[in-house]
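# Structural features, examined
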Amino acid sequence: MWLFLWVIFTLGMLMPGKLSLKLQYEGDQVLHIVPETFQQVQLLQHLCNSLLLDLWKPLLPEDIGAGEDLHMRVPAPLVQDVKDNLDQHMISYSVLIPDVQELVDQSMPRERSSPRQVPEGYDYTQYHPMEEIYQWMTEIQNSNSELVTQHYLGNTVEDRPMYYLQISKPSDKTKKIIWMDCGIHAREWIAPAFCQWFVKEILQNYKSDPKISRFLSNLDLYILPVLNIDGYIYSWEKDRLWRKNRSPYMNGTCYGTDLNRNFNSSWGSVGVSYNCSSIIFCGSGPESEPETKAVAQLIEKKKSDILCYLTIHSYGQYILIPYGYTTEPASNSEELMYVAEKAAAALTEKYGTSYEVGSTSLILYSNSGSSRDWAHMIGIPFSYTFELRDTGTHGFVLPADQIQPTCEETMLAVTTIIDYVDHKYFPGRAVMLFSSSLGLSLYLSIVLTWTVS
């Protein structure tokens, strides 16, 4: 009976859209469950596997655990049967999202009566399709040519160009690099929104904000606003909840590799699938995807200069440190945790939003082939994954009215990390920002402080 309903539902999900067939989620619900016993865990695993339910947290049925949050999207035709089944087995649940399509509709930008002017009229509190992000990148460079350069990185599976922005204050000093990428997973729209916000804030405030001014004197910022461009476009035009890139497999019968399972960091060992229909399919080999390879080649080339690797995701409100593929701590895990906790505290000060800090394998789930683990493994000392708002109320479909507060608080966390890295590797240059009347004693105190730390 359930299988019949599922087939009918799947055929009915493709509804005529304005430009193309678009997947609809009308009546789909996201349920929140905290299984209490091993028996409940087993039943939920069977339920998810037999009905092919879309797990939002965790991503794999085998990662469902007693006492751990479970978020699952249930297609409309199955909602009542699933709820009845849970009631029958006395498994408590609550409805996180009563209608997924309503949230999808709310997250779409308002109708535009005229072409958007960028960057002056660019609305950073709305989500933007890729066409507008491409235009924004070009205009940001043109309007800030003394500071910003747009660089070609490579092409996607569907032959779209990938570009990153380099923000670099002219200097005759040797400078190091901070890397940030957003949008490795297509449905996590808040991530590219933050990358754009970050660029805006740096360019608007670098002359007036001493912290930004200081780290730009020592560090160049490399920002990749959308890593998974094909997937991002697909999430706008066809399926809002699409996660992977758009690589065809099995003669085009299934599509997409999870790019954050495709890096050469214990690739394919844990927390992945070899089934190309899975949302965590790891590809045919490490760096099998052109998007992964393009990023990896640039990072490898510049790894001796990159001090910090930041990759922005959603959702869950975490700052994650290496590693995901093992519970063994990173060599500098204490320092990574210290800095992450400072960042989380800075973030909380803005709106009271609470973030959990720790290694992926210990506080979230095990996974291999992640960019964060790979970056640390090749020698980049500071490597973090941010999982932005929220904790499940909206999940991957964060409403546009949360873009600004999310970006404002995340900005505080990210600049806290960059500021720490800056002071760690360029301690002596801090003296340049202080009055010379403080004299030698201040210089010595700064040098001694950083020597001891």
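Presented here is an overview of the structure given in this document.

Quick notes on the rules
Residues numbered from 1 in each chain as written. Predicted model: local features only at pLDDT ≥ 70, side-chain atom pairs only at ≥ 80, totals over all residues. Heavy atoms only, no water. Pairing = 2+ DSSP bridges. Helix = DSSP H or I, 4+ residues; strand = E, 2+ residues; numbered from the N terminus. Axes fitted to C-alpha atoms, helices over the stretch in contact; angles between N-to-C directions. Contact = heavy atoms within 4.5 Å. Core = buried A, V, L, I, M, F, W, Y, C linked by side-chain atoms within 4.5 Å. Buried < 20%, exposed > 50% of the residue type's maximum accessible area, 1.4 Å probe, protein only. 1 Å grid on protein atoms, 1.4 Å probe; cavity = no way out; pocket = protein on both sides within 12 Å on 5 of 7 lines; lining within 4 Å. Points joined across faces, edges and corners; volume = space filled by probe spheres on them. Nonpolar A, V, L, I, M, F, W, Y, C, P; charged D, E, K, R; others polar.

### What about the sheet that holds strand β9 (residues 176-182)?
Spatial ordering of the open sheet is given by β7-β8-β10-β9-β13-β16-β14-β15, a layout of eight strands whose pairing is mixed. With one partner strand each, in any of the chains shown, β7 (148-155) and β15 (356-359) form the two edges of the open sheet. For this sheet, the mean inter-axis angle between neighbouring strands, taken without regard to orientation, is 20°. Summarising the sheet, β9 and strand β13 (residues 306-314) pair through six bridges and their orientation is parallel. Directly across from W179, in β13, lies its bridge partner Y309. Taken strand by strand, helix α5 (residues 130-143) contacts β7 and β8 (161-167), and its axis lies near 35° from that of β8.

### Concerning the nonpolar core
Inside soluble globular proteins, nonpolar side chains tend to come together where they are buried. By size, the foremost hydrophobic cluster in this structure holds 93 residues, and its most contacted members are I167, F198, L221, V295, Y384 and F386. Among the elements that make up this core, the one with the highest residue count is helix α6 (residues 190-205) (ten residues). Those residues in contact with I167 that sit more than four places away from it in its chain are L147, V148, V199, I202, L203, L216, D220, L221 and I223. Listed in part, the 19 residues of the second largest apolar core include L31, V41, M72 and L78.

### Examining empty space enclosed by the protein
What the rule picks out here adds up to three cavities of 30 Å³ or more. Space inside the largest cavity adds up to approximately 180 Å³. Taken together, 16 residues make up the lining of the largest cavity; nearest its centre are W56, S314, Y315, Y365 and E387. Contributing elements (two or more residues each) for the lining of the largest cavity: β4 (54-57) and β13. Here the lining of the largest cavity is composed, by residue class, of eight nonpolar, four polar and four charged.

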